[in-house]
Amino acid sequence: MRKVVIAGLTLVSVVGAGCSSVGFNTGLPVLTKNGRGILVSETAGPPDLERGRHARLVGKPQEALLDLKPLAEAGYPDAMTLLAATYLDFGTVDSRAEAEKWYRRALHARPDAGLSLARLLIGYGKRDYLPEINSLIDDAARRGNEEVDSVKLQRYMQFPDLDTKNDGDLIAQRGLRSDFVSVQVQSLVWLRQNIAKGNNAALLEANCRTLLSVEPGCYIDLAHFYRYQHKQDQLEKILDAALLAFAAGANSTAQIDDSARLYQPPTQYASLAGRLAAAMVDEINETSDGDVPEQESAAASPGQPDLDFEDDDFEGTNPKAPSAADVSVATPERKEPPAPGTAPAEGNASSQNVELANKVLRWMLARGGEFSVEAAIVAVHYPFLLPDVDLEATLRPAANDKNPAAVSALADLLFNSQRIATRRPLEAVALYKQCLGYVATETRANSRLGRVYSMGILGDPNPQMALKHYLKAARAGSVESYASLARMFLGMSGIQVNRVNGYVFAKRSDDAGRPMMMRIRKLKRLNELKLDLESADMFEVLQVKLLDQITSEMTAAELAEAQRLYQMERAIQPVLKQPIPSDIYTRGQQQ
């Protein structure tokens, strides 16, 4: 054995007979190449592939980098694919770019890395990548890679318009019987995301019962089914089983069956526990980015006026351009959030289920660490939970450590939460800007920053910045941001009313099954003139579909231009996520 020092690294050459040999230093053994390979080591000990893999799987990506990056830079394809997976685990926009770079470098020696690269490119959500994505999927299929169905499903989920023959359901049903965990999990995710299609709800419930060990997220699905089916005993049993499974999973040193061919993120058991608690009190069709119409959020805040109507829209006249306060999105009736420690009104969640949610959250607090952080994140979104917990104190250390979900939740807490004595919107805005650097929070942060700039939280409203952030969020799938864009062009201070642009964005909201409605106040026809009537007795309020109203006011040239721009906007994401029927969890109840 001899040692050679290159650029601060110690290269240990192991000479032996036969096709391969094993070099032992500290740490796990490393298989050398052709009996004359090299082991890369530093003075702190010899990094190796298996130790890097292990560090990644137990949630220590920084330690994994110390082992994997030198090996990847030395040209080892397995190290390249594992290094790419480790960069993806960091969850930042920059680390995703690094992952793409290393998958591409590995491709020449490891064609199987093409599926993981395809999955990464799909995540960008940009149609420009589709030719390369399709090529990588087709190549994997030609080579007989049995995990290709998982990536096909992900492609259809990101670009639903491509599934012209409804192949997705057939692939998912086949995938449930696959021998590959990645395919089984993605098939369940497909059923979950397309739960309103065909028999998918029943399939999800039935298969979740048998695949709990494969996809722990099924505990949340079953909790939803039992909650809405009012099967309280089964609900409480599934909660207890879930907590045992999450504890065991978090304590395991082998969280996933890592595949060098297809990237799988480590299971986040703390996040699953948080979702389980939320499943006790959440509502069907909650908005994904938390954005609500400005007039609704203002009315829900004590001491703020209820933004109402413009005054001169009398019967027999053409209504003038509506103000932003006149326009809302047709959604199920929103209930004012209860005060901390108070159960929400019946219909949102029963007091019994609030107790179950708090039971899960207090179990999480007792476990400490990332579980405590996730418990605080849930309580930020549902402020009636954990009323005695200092949420800011719990979230702050994790946010300082750049935990994306903690940064986002802390921003929400400081921006507009009843759980703190003094709101600090400027600090919240700085945190939202930080969220732009994380893959998981980028879209929501853009939506929130759009609202910040449109409302003038930093001073005067900044329509250009609001437009920039709302448009990024909308094109990434935020329907709420499309609605906000429509409001901007139909009466936001600082922006000239533009019915063409308003039409485009209102129609996109309509495409997602959330038509925008406009309130018009009309003078009542009275049998006799009474000068002492209250305003409420003189006027009636009508709701009309905004798209119909502005279409009726547009010239033929305006409408043609609006249709042209709409087709361009629609081409970015032709199919938007639709609302889920309110009875989805009770259809065809299984006995």
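This one's a predicted model, so the numbers in the text were calculated from it and none came from an experiment.

1. Things to note about the overall build of the chain
Inference 1: Each helix and strand counted, the chain has 26 helices and eight strands in total.
Inference 2: Excluding contacts between residues fewer than 6 apart, the proportion of contacts in the chain whose partners are at least 24 apart in sequence is 60%.
Inference 3: Element-wise, carbon and sulfur atoms account for 51% of the exposed surface of the chain, whose accessible area totals about 27,700 Å².

2. As for the state of the cysteines
Inference 1: Counted under the stated rule, the structure contains one disulfide.
Inference 2: Each sulfur in the disulfide pair Cys208 and Cys218 lies 2.4 Å from the other. Taking the sign of the S-S torsion, -65° for the link of Cys208 and Cys218, the bridge is left-handed. Of this pair, Cys208 sits in helix 10 (residues 200–210) while Cys218 sits in helix 11 (residues 218–228), and the two are 10 residues apart along the sequence. Comparing Cys208 with Cys218, the two get one shared label, buried.

3. With respect to the pattern of salt bridges
It is possible for side chains of opposite charge to pair when their charged atoms get near one another.
Inference 1: Evaluation of the coordinates by the stated rule reveals 33 salt bridges.
Inference 2: A salt bridge links Arg448 to Asp412, with the shortest nitrogen-to-oxygen separation between them at 4.0 Å. Of this pair, Arg448 sits in helix 20 (residues 442–455) while Asp412 sits in helix 18 (residues 404–416), and the two are 36 residues apart along the sequence. Neither Arg448 nor Asp412 differs from the other in exposure class; each is buried.

4. Description of the environment of Leu71
Inference 1: Along the chain, Leu71 falls in helix 2 (residues 61–73).
Inference 2: On the basis of relative accessible area, Leu71 is assigned to the buried category, the value being 9%.

5. Concerning the packing of aromatic side chains
Inference 1: Under the defined criterion, the tally for this structure stands at 11 aromatic pairs.
Inference 2: For the ring pair Tyr124 and Tyr129, a centre distance of 5.2 Å and an interplane angle of 25° mean the geometry is stacked.
Inference 3: Judged by centre distance (5.4 Å) and plane angle (15°), the ring pair of Tyr228 and Tyr585 falls under stacked. Here the residue Tyr228 occupies a position in helix 11, and Tyr585 occupies one in the segment after helix 26 (556–572), the gap between them amounting to 357 residues.
Inference 4: Given a relative accessible area of 21%, Tyr228 falls into the partly exposed group.
Inference 5: A residue is classified by how much of its surface remains accessible, and Tyr585, at 13% relative accessible area, is buried.
Inference 6: Aromatic ring contacts, followed pair by pair, group Tyr219, Phe246 and Tyr269 into a single cluster.

6. Observations concerning the environment of Thr443
Inference 1: Positionally, Thr443 belongs in helix 20.
Inference 2: Taking the relative accessible area as the measure of exposure, Thr443 reaches 28% and is therefore partly exposed.
Inference 3: Distance in space between the C-alpha atoms of Thr443 and Ser481 is 9.8 Å, their sequence separation being 38 residues.
Inference 4: Residue contacts for Thr443: discarding those within four places in its chain leaves Ala473, Ala476 and Ser478.

7. Comments concerning the packing of helix 7 (residues 148–158) against helix 9 (residues 181–193)
Inference 1: The interhelical angle for the contact between helix 7 and helix 9, taken along N-to-C directions, is 25°, at an axis separation of 8 Å. The pairing of helix 7 with helix 9 is recorded here as roughly parallel in orientation. Here helix 7 runs over helix 9; the crossing is left-handed. Note on element contacts: helix 9 touches helix 7 through Ser182, Val183, Gln186, Ser187, Val189, Trp190 and Gln193, opposite Asp149, Ser150, Leu153, Gln154, Tyr156 and Met157.
Inference 2: Per-class residue counts for the contact of helix 7 with helix 9 are six nonpolar, six polar and one charged.

8. As for the nonpolar core
Considering soluble globular proteins, one finds that nonpolar side chains tend to be buried as a cluster.
Inference 1: In terms of nonpolar packing, the biggest core is built from 112 residues, with Ile238, Leu239, Phe246, Leu276, Met280, Leu385 and Leu395 touching the most fellow members.
Inference 2: Among all residues touching Leu239, those that are not within four sequence positions of it are Ala223, Leu276, Met280, Leu356 and Val360.
Inference 3: Leu68, Ala84, Ala85 and Ile137 belong to the second-largest nonpolar core, a separate cluster that totals 37 residues.

9. Topic: helix 21 (residues 463–475)
Inference 1: Here helix 21 spans 18 Å end to end across 13 residues, near enough to the 18 Å set by a 1.5 Å rise per residue.
Inference 2: Pro463, Ala466, His469, Tyr470, Leu471, Ala473 and Ala474 are the residues of helix 21 that are buried.
Inference 3: Taken from the residues just after helix 21, Gly477 is the one with a positive phi, measuring 115°.

10. Some thoughts on helix 6 (residues 130–142)
The α-helix winds at 3.6 residues per turn, so residues separated by three or four positions along the chain end up facing the same way.
Inference 1: Across its 13 residues, helix 6 extends 18 Å between first and last C-alpha, which sits within 8% of the 18 Å expected from 1.5 Å per residue.
Inference 2: If you follow the buried residues of helix 6, they end up packed against helix 5 (113–124) and helix 7.
Inference 3: One or two positions beyond helix 6, positive phi appears at Gly144, with a value near 75°.

11. Examining the packing of helix 15 (residues 351–367) against helix 16 (residues 370–381)
Inference 1: Two elements in contact, helix 15 and helix 16, have axes whose closest approach is 7 Å; the angle formed by their N-to-C orientations is 145°. Classified by chirality, the crossing of helix 16 by helix 15 is left-handed. Contact residues: Leu361, Trp363, Met364, Leu365 and Arg367 in helix 15; Phe371, Ser372, Glu374, Ala375 and Val378 in helix 16.
Inference 2: Here the contact of helix 15 with helix 16 is built from residues that sort into seven nonpolar, one polar and two charged.

12. Quick word on unusual backbone geometry
Inference 1: At Asn166, a position not held by glycine, the phi torsion is positive, near 55°.
Inference 2: Here Asn166 lies in the loop between helix 7 and helix 8 (167–175).
Inference 3: Given the relative accessible area of 46%, Asn166 is considered partly exposed.
Inference 4: Unlike most non-glycine residues, Lys402 shows phi in positive territory, near 65°.
Inference 5: When its relative accessible area of 53% is taken as the criterion, Lys402 is described as exposed.

13. Observations concerning the confidence of the model for the chain
Inference 1: Summarising the model, the chain shows a mean pLDDT of 81, and 76% of its residues fall at 70 or more.
Inference 2: In this model residues 1–43 is a low-confidence stretch, pLDDT under 50, and it forms 82 contacts with partners more than four residues away in sequence or in other chains.
Inference 3: Across residues 290–325, where pLDDT falls below 50, the model places 78 contacts with residues more than four positions away in sequence or in other chains.

14. Considerations on the side chain of Ser509
Inference 1: Residue placement: Ser509 occurs in helix 23 (residues 499–511).
Inference 2: Within the local environment of Ser509, its side chain forms a polar contact with the backbone oxygen of Arg514, the two atoms lying 2.7 Å apart.

Rules used throughout
- Residues numbered from 1 in each chain as written.
- Predicted model: local features only at pLDDT ≥ 70, side-chain atom pairs only at ≥ 80, totals over all residues.
- Heavy atoms only, no water.
- Helix = DSSP H or I, 4+ residues; strand = E, 2+ residues; numbered from the N terminus.
- Contact = heavy atoms within 4.5 Å.
- Areas by Shrake-Rupley, 256 points an atom, 1.4 Å probe, with all protein chains shown as cover.
- Disulfide = S-S within 2.5 Å.
- Buried < 20%, exposed > 50% of the residue type's maximum accessible area, 1.4 Å probe, protein only.
- Salt bridge = Lys/Arg side-chain N within 4 Å of Asp/Glu carboxyl O.
- Phe/Tyr/Trp six-rings, centres within 6.5 Å; stacked < 30°, edge-to-face > 60°.
- Axes fitted to C-alpha atoms, helices over the stretch in contact; angles between N-to-C directions.
- Parallel < 35°, antiparallel > 145°, perpendicular 65-115°, else oblique.
- Left-handed = near helix turned anticlockwise from the far one by under 90°.
- Nonpolar A, V, L, I, M, F, W, Y, C, P; charged D, E, K, R; others polar.
- Core = buried A, V, L, I, M, F, W, Y, C linked by side-chain atoms within 4.5 Å.
- Expected span 1.5 Å × (residues − 1).
- pLDDT = per-residue confidence, 0-100.
- Polar contact = N/O pair within 3.5 Å; in protein donor to acceptor, adjacent residues only side chain to side chain.

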